[in-house]
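A closer look at the structure
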Amino acid sequence: MPNCKQCGASIIFIKTVNGMSMPCDAQITAYRYQHKANRKIVTPEGRVLPCVLDGQFLPSMGYVPHWATCPRAGDFKRPAPDMEQITMPEVHYDKT
Ligand SMILES: [Zn+2]
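Residues numbered from 1 in each chain as written. Predicted model: local features only at pLDDT ≥ 70, side-chain atom pairs only at ≥ 80, totals over all residues.

1. Re unusual backbone geometry
A positive phi angle is found at lysine 36, which is not glycine, with a value near 70°. Examined against the element boundaries, lysine 36 turns out to sit in the loop between strand E3 (29–33) and strand E4 (39–42). Judged by local crowding, lysine 36 falls into the exposed class, with 7 C-beta atoms found within 10 Å. (Helix = DSSP H or I, 4+ residues; strand = E, 2+ residues; numbered from the N terminus. Buried ≥ 20, exposed ≤ 12 C-beta atoms within 10 Å, placed from the backbone.)

2. Digging into the pairing of strand E1 (residues 11–15)
Inspection of the sheet shows E1 paired to strand E2 (residues 21–25) by five bridges, in the antiparallel sense. Residue lysine 15 lies in a different strand from E2, and its bridge partner there is serine 21. What sits between E1 and E2 in their antiparallel hairpin is a turn of five residues, with glycine 19 showing a positive phi close to 90°. (Pairing = 2+ DSSP bridges.)

3. Describing the nonpolar core
Membership of the largest hydrophobic core comes to 15 residues, with the highest contact counts inside it found for Ile14, Cys24, Ile41, Val42 and Tyr63. Secondary structure elements with two or more residues in this core: E1, E2, E4 and strand E5 (48–52). With three residues, E5 is the single largest residue contributor to this core. (Core = buried A, V, L, I, M, F, W, Y, C linked by C-beta atoms within 7 Å.)

4. Digging into the sheet that holds E4
Hydrogen bonding along the main chain pairs the strands of a sheet, whether they run parallel or antiparallel. Spatial ordering of the open sheet is given by E4-E5-E3-E6, a layout of four strands whose pairing is antiparallel. Looking along the sheet, the strands with just one partner apiece sit at the ends: E4 and strand E6 (60–62). On average, adjacent strands in this sheet sit at an angle of 65° to one another, irrespective of strand direction. (Axes fitted to C-alpha atoms, helices over the stretch in contact; angles between N-to-C directions.)

5. Here's the deal with the confidence of the model for the protein
Mean pLDDT over the protein stands at 81; residues scoring 70 or higher make up 74%. For the protein, per-element mean pLDDT is lowest for E6, which scores 90, and highest for E1, which scores 95. (pLDDT = per-residue confidence, 0-100.)

6. Structural notes on the pairing of E5
By the bridge criterion, two bridges tie E3 to E5 in an arrangement that is antiparallel. By the bridge assignment, tyrosine 33 is partnered in E5 with cysteine 51. Pairing of E4 with E5, which is carried by four bridges, proceeds in the antiparallel orientation. Within E5, the position partnered with lysine 40 by the bridge is proline 50.

The structure is reproduced here in structure tokens:
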């Protein structure tokens, strides 16, 4: 099993439906699909879905992208191009 080059955690590479390999935490995790949720889950089929991991009513199992949990995630390249439905709102503040 591969390890994260940044923190040494066990990770698993899942090939997504877009053909990219997504590094995920090796431990499969229960999730609940929720449209526009902040967290992302990668299903065993390689679909990247918005989800919540709130411990309540979690009928589905999938893998958490490792960049979401890695303590050194800041060293990761931005994974955004592979995401489905990702929207990162850009907020601009006027300094006046
Ligand atoms: Zn890591």
